Amino acid sequence: MQRHPRLVIWLPALLLLTLLAFGVSLALGSTSLSLHQLWDALGGGGDVLSRTVVLDLRLPRSVSAFAVGGLLALAGTLMQVLLRNPLADPYILGVSGGAAVGALGAFLLGLAGIWVNGGAFLGALLSTLLVFALAHGRGGWTPTRLLLTGIAVAAGWGAVISLLLVLGSDASLHSMIFWLMGDFSYQSSGSLALVVLVLGLAGCWPFARQLNVLARGETLAEALGIAVRPLSIAIYVAASLFTAVAVTEAGAIGFVGLVVPHMFRMLAGGDHRRLLPGAVLLGGCLLMLADTLARTVAEPRQLPVGVVTAAMGVPLFLYLLNRARGPL
Amino acid sequence: MSAPLLETRALSVEIAGKAVCRDLDLSLEPGRCVGLLGGNGVGKTTLLHTLAGLRAPLSGHVLLDGVPLASQPRRRVAQRLGLLMQQPEDSLPATVLETALIGRHPHLDFWRWESHRDVAIARRALRNVGLEGLEQRVQTALSGGERRRLDIATVLVQDPQLFLLDEPAHQLDLQHQMALLGQIKGLAGNQGRAVLMSLHDINLAARFCDSVLMLFGGGEALFGASDGVLNAENLSRLYHTPVTVLPWQGGRVFVAGA
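Residues numbered from 1 in each chain as written. Chains lettered and ligands numbered in written order. Predicted model: local features only at pLDDT ≥ 70, side-chain atom pairs only at ≥ 80, totals over all residues.

Another point: the overall build of chain B. The secondary structure content of chain B amounts to nine helices and 12 strands. Overall size of chain B, expressed as C-alpha extent along the three principal axes, is 55 × 40 × 40 Å. Here chain B holds 258 residues, and the buried ones make up 42% of them. Counting contacts in chain B only where the partners sit at least 6 residues apart, residues at least 24 apart contribute 65% of the total. (Helix = DSSP H or I, 4+ residues; strand = E, 2+ residues; numbered from the N terminus. Buried ≥ 20, exposed ≤ 12 C-beta atoms within 10 Å, placed from the backbone. Contact = placed C-beta atoms within 7 Å.)

Spelled out as structure tokens, the structure:
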């Protein structure tokens with residue numbers, strides 16, 4: 001009778017998938033570990049090499065990939081409700097463009113590490129404020145106006161990015177291109193992104209029923225007693241913050257934020273009380289697995305993770321889309 | 001007579017510099033089923049949205065249960081007053097049942113999920129509009145008329161005292177026009193509810209509404225019992241086209257043309 005599987009089925013399934021993805025991501029790499037070795041290393045035992053590899057190198061990177069995937073999926077879900085547009089993704093309001101300009105600017109100045117992250121975060125915030133202020137305009141704040149402003153601002157950032165790439169030295173060009181395609185090799189602990197993800201999900205989830213109503217339309221939501229304007233502004237601020245943190249952590253990784261919410265909707269329906277945690281887990285797993293592939297498939301070379309998310313995500317998404325019954 | 005659910009005091013509404021109504025004093029008591037008639041673009045939707053508290057009037061007041069609408073919390077208003085919009089705006093997919101359940105929103109506390117009782121209410125409403133068996137269908141896959149019935153079901157699920165319905169008969173076939181408007185009229189007679197609905201079919205208004213509010217444009221409005229107000233002279237002026245009234249089986253039918 002139910003079109004979608006019940007909570008008791010999909011939630012444990014997704015949690016199991018998350019555990020598996022963590023296991024695969026920690027075990028695979030230049031030195032592959034058996035399940036037994038992995039277990040020992042996680043418990044603080046085993047030999048020093050595998051302990052270092054797992055705890056110091058792979059765990060932070062896996063956590064970082066999971067958190068970024070979760071943040072992008074969460075931001076994408078929120079943006080799709082805010083704009084009531086299934087094509088919306090975390091970058092649709094120009095956040096990634098602003099972040100890219102900040103990060104590439106730092107590369108161009110010969111800076112690295114924290115400066116790149118700081119530049120990306122500042123750029124993302126600047127872009128968010130710019131789009132918000134411009135979209136407000138004279139006529140008020142409609143999804144269409146916001147969308148068009150975001151697209152225009154993103155196009156502007158695109159021009160600046162091209163300019164920075166042309167101006168960049170050969171040495172910095174490689175880093176710049178990797179950054180643009182999304183990359184986890186600038187090591188961070190991932191803990192900040194994970195904290196933002198957990199707090200963000202916990203903060204958004206209580207409003208999931210309001211999101212369900214808002215997804216049915218602004219006027220209807222207002223008529224059903226929802227304070228649409230404050231809710232919209234809160235969604236905008238939250239989604240922008242999540243995207244900014246994700247972009248700062250790993251560069252502009254495409255596709256996850258757009259596709260993961262749709263994947264979950266096709267699997268388990270559009271109720272945001274399930275969609276928010278479900279998309280977070282699914283997005284996290286997907287990106288963690290993609291990153292594992294990115295660093296193992298062409299060893300010793302590392303591929304940009306954005307290439308792998310597209311290579312994995314495009315066929316998977318097209319398959320689900322093709323399989324889905326009825327119009328979306 | 002019992003206290004009115006909805007009152008307007010010297011209400012003036014404008015849209016884009018055009019007057020919809022001026023100094024309108026209206027009072028809608030429980031049990032009333034009122035038709036809202038007027039030509040295209042005269043401001044029927046604007047007036048309904050103003051009465052629902054979704055837009056501010058130019059001047060005057062709207063009172064719900066004797067209290068100014070603007071001073072009441074939105075959620076409380078949504079528990080008492082339901083609005084059927086002319087067009088659905090949604091673009092994200094949801095099932096028919098999920099869409100109808102949205103109507104329970106104002107009745108649920110912040111942390112509550114829809115209970116079995118809420119689901120039963122939604123299923124009953126879907127049955128009442130003839131959508132039984134389509135509960136798990138995606139709402140964007142429905143035909144125009146089915147979609148209209150789903151929107152009507154959603155406002156039935158909301159279960160307000162006052163129904164403001166923007167063209168409930170739009171896109172419905174004859175069978176469902178009769179069945180649903182009959183139900184809506186029945187609502188008004190039941191447990192002190194009231195209905196105000198815009199209609200384009202004078203014959204439906206004459207059959208189902210006890211009184212009629214006409215908007216002539218330029219701010220002029222006329223309110224009165226259907227029997228008295230629905231005459232050839234008023235209707236010809238309302239629609240800028242001759243309307244003939246013919247006696248038929250003890251009632252009247254309205255035909256366009258002289």
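On to helix α13 (residues 272-296) of chain A, then. Over its 25 residues, α13(A) extends 35 Å from the first C-alpha to the last, a length consistent with the 36 Å expected when each residue adds 1.5 Å. Summarising burial for α13(A): 23 of the 25 residues are buried, a large majority. (Expected span 1.5 Å × (residues − 1).)

This part covers the interface of chain A and chain B. With 26 residues of chain A in contact, the opposing surface of chain B contributes 26 residues. Those elements that provide at least two residues to the side of chain A that touches chain B are α9 (208-215) and α10 (218-223) of chain A. Top element by residues in the side of chain A that touches chain B is α10(A). It accounts for five residues.

This next bit is on the sheet that holds strand β1 (residues 6-15) of chain B. All names here are of chain B. An order of β2-β1-β4-β5 is seen for the four strands of this open sheet, with the pairing classed as antiparallel. At either end of the open sheet lies a strand with only one pairing partner, and these are β2 (18-28) and β5 (67-68). Relative to β5, strand β4 (residues 59-64) is paired through two bridges, and the arrangement is antiparallel. Considered in β5, the bridge of Leu-63 is made with Pro-68. (Pairing = 2+ DSSP bridges.)

By secondary structure assignment, the location of Val213(A) is in helix α9. On the basis of neighbour count, Val213(A) is assigned to the buried category, with 24 C-beta atoms found within 10 Å. C-alpha separation for the pair Val213(A) and His272(A), spaced 59 residues apart in sequence, amounts to 9.8 Å. Beyond its immediate sequence surroundings of up to four residues, Val213(A) is in contact with Ala221(A), Leu224(A), Ile226(A), Ile102(B) and His105(B).

One non-glycine residue, Phe255(A), lies in the positive phi region at around 80°. Residue position: Phe255(A) is located in the loop between α11 (228-250) and α12 (256-268). Positive phi, close to 70°, is recorded for Gln171(B), a residue that is not glycine.

Packed helices, taken two at a time, are described by the angle between their axes plus the distance between the axes. Residue and element names in this part refer to chain A. Running from N to C, α12 and α13 point in directions that differ by 125°, and their axes come no closer than 9 Å. Taken as axis vectors, α12 and α13 run oblique relative to one another. Of the two elements, α12 crosses α13, and the hand of that crossing is right-handed. Where α12 abuts α13, its residues Val-256, Val-260, Pro-261, Met-263, Phe-264, Arg-265 and Ala-268 lie against Arg-274, Leu-275, Gly-278, Ala-279, Leu-282, Gly-283, Leu-286 and Leu-287. Tallied by class, the residues present in the contact of α12 with α13 amount to 11 nonpolar, two polar and two charged. (Axes fitted to C-alpha atoms, helices over the stretch in contact; angles between N-to-C directions. Parallel < 35°, antiparallel > 145°, perpendicular 65-115°, else oblique. Left-handed = near helix turned anticlockwise from the far one by under 90°. Nonpolar A, V, L, I, M, F, W, Y, C, P; charged D, E, K, R; others polar.)

Next up on the list: the nonpolar core. Membership of the largest hydrophobic core comes to 175 residues, with the highest contact counts inside it found for Leu71(A) and Ala100(B). Here this core takes 16 residues from helix α3 (residues 48-82) of chain A, the largest share from any one element. Leu71(A) has contacts with Ala193(A), Val196(A), Leu197(A), Phe242(A), Val245(A) and Ala246(A), leaving out every residue within four places of it along the chain. (Core = buried A, V, L, I, M, F, W, Y, C linked by C-beta atoms within 7 Å.)

A separate point is the pairing of strand β11 (residues 243-248) of chain B. All names here are of chain B. Note: β11 against strand β12 (residues 251-256), six bridges, orientation antiparallel. Opposite Trp-248, over in β12, you have Gly-251 as the bridge partner. Turn length for the β11-β12 hairpin, with the two strands adjacent in sequence and antiparallel, is two residues, and the turn residue Gln-249 shows positive phi of about 50°.

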